[in-house]
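Architecture at a glance
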Amino acid sequence: MSRLGKVACSIIIFATIFIAGCAAPTRAIVSNESEVSLWRGRLAVRVESEQPQTQPQAFSAGFELTGNAQAGELTLYTPLGNTAAALSWSPQTAVMRSNGDVRHFESLDALIKQAVGTEIPVVALFAWLAGDNMAVAGWSADLSDHANGRITARRTQPAPLAELRLVLEK
């Protein structure tokens, strides 16, 4: 790639990140009658490389999440607001729809790993969103800024190290 091409690519990446940073994130909306939770905001996942010279793997997106760890839907959005992927799960199925393709997975864990690049403890994630600092082997969650819609969770075991950051809309 030419120097001009690298500069243009860098400008596009910067502009995308800048635009994404301007997006306003949503807190959970819970209806007592139906017990359906809805969260909106931005998420970022970073997975460190096990190879010293290799860059970490990073993923970020806008999101809308409804349901719970047993049955729910997660829609991931590009920085421009387009749907990047729609995930849905129930005790019987785990499905990802993206760019007209439909993929079925054997479990919610496999679906999430494919969508964001690493395993995320989904049951604990729903607890963290609700403000409950559920303990998970190998993970530590920082809910100190939960009231402001910010959650950070880090995985130290098993390797590689990973970090999940959520910013919820208010």
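Everything quoted here is computed from the prediction, not taken from an experiment.

Moving on to the pairing of strand β5 (residues 83-89). Bridge count between strand β4 (residues 72-77) and β5: 6 bridges; the pairing is antiparallel. Note on β5: the bridge partner recorded for Thr-75 is Ala-86. Hairpin connection between β4 and β5: a loop of 5 residues separates the two successive antiparallel strands, and Gly-81 in this loop has a positive phi of roughly 95 degrees. Taken together, the 4 bridges between β5 and strand β6 (residues 94-98) define a ladder with antiparallel strand orientation. The residue of β6 that forms the bridge with Ala-86 is Arg-97. From the end of β5 to the start of β6, which pair antiparallel, there are 4 residues.

Moving on, we come to the side chain of Arg-155. Tracing the backbone shows Arg-155 in strand β9 (residues 150-155). Buried Arg-155, no salt bridge; nearest opposite-charge side chain is Glu-119, N-O distance 5.3 Å. A distance of 3.2 Å separates a polar atom in the side chain of Arg-155 from the backbone oxygen of Pro-158. The contact partners of Arg-155, leaving out residues within four places of it in the chain, are Val-47, Thr-118, Glu-119, Gly-138, Trp-139, Pro-160, Leu-161 and Ala-162.

Before going further, it helps to spend a moment on the environment of Asp-142. The residue Asp-142 is located in strand β8 (residues 139-142) in this model. A polar contact is formed between the side chain of Asp-142 and the side chain of Ser-144, at a distance of 2.6 Å.

Here we take up the nonpolar core. Ranked by internal contacts, the top residues of the largest apolar core, which has 38 residues, are Phe-63, Leu-87, Trp-89 and Trp-128. Excluding residues that lie within four positions of it along the chain, Phe-63 makes contacts with Trp-39, Arg-40, Gly-41, Arg-42, Leu-43, Leu-74, Thr-75, Leu-76, Tyr-77, Leu-166, Val-167 and Leu-168.

Take helix α3 (residues 122-129) next. Of all 8 residues making up α3, 7 are buried, and the element is well covered by its neighbours. Buried within α3 we find Val-122, Ala-124, Leu-125, Phe-126, Ala-127, Trp-128 and Leu-129. Two residues or fewer past α3, Gly-131 is found with a positive phi of approximately 90 degrees.

Along the chain, Leu-74 falls in strand β4. Given the relative accessible area of 9%, Leu-74 is considered buried. Sequence separation between Leu-74 and Arg-40 is 34 residues; the distance between their C-alpha atoms is 9.7 Å. In this structure, Leu-74 is in contact with Phe-63, Glu-64, Leu-65, Ala-85, Ala-86, Leu-87, Trp-89 and Ile-112, ignoring residues within four places of it in sequence.

Rules used throughout
Residues numbered from 1 in each chain as written. Predicted model: local features only at pLDDT ≥ 70, side-chain atom pairs only at ≥ 80, totals over all residues. Heavy atoms only, no water. Pairing = 2+ DSSP bridges. Helix = DSSP H or I, 4+ residues; strand = E, 2+ residues; numbered from the N terminus. Buried < 20%, exposed > 50% of the residue type's maximum accessible area, 1.4 Å probe, protein only. Lys, Arg positive; Asp, Glu negative; His and termini not counted. Salt bridge = Lys/Arg side-chain N within 4 Å of Asp/Glu carboxyl O. Polar contact = N/O pair within 3.5 Å; in protein donor to acceptor, adjacent residues only side chain to side chain. Contact = heavy atoms within 4.5 Å. Core = buried A, V, L, I, M, F, W, Y, C linked by side-chain atoms within 4.5 Å.

Everything listed here is a matter of coordinates, which is why it stays silent on function.
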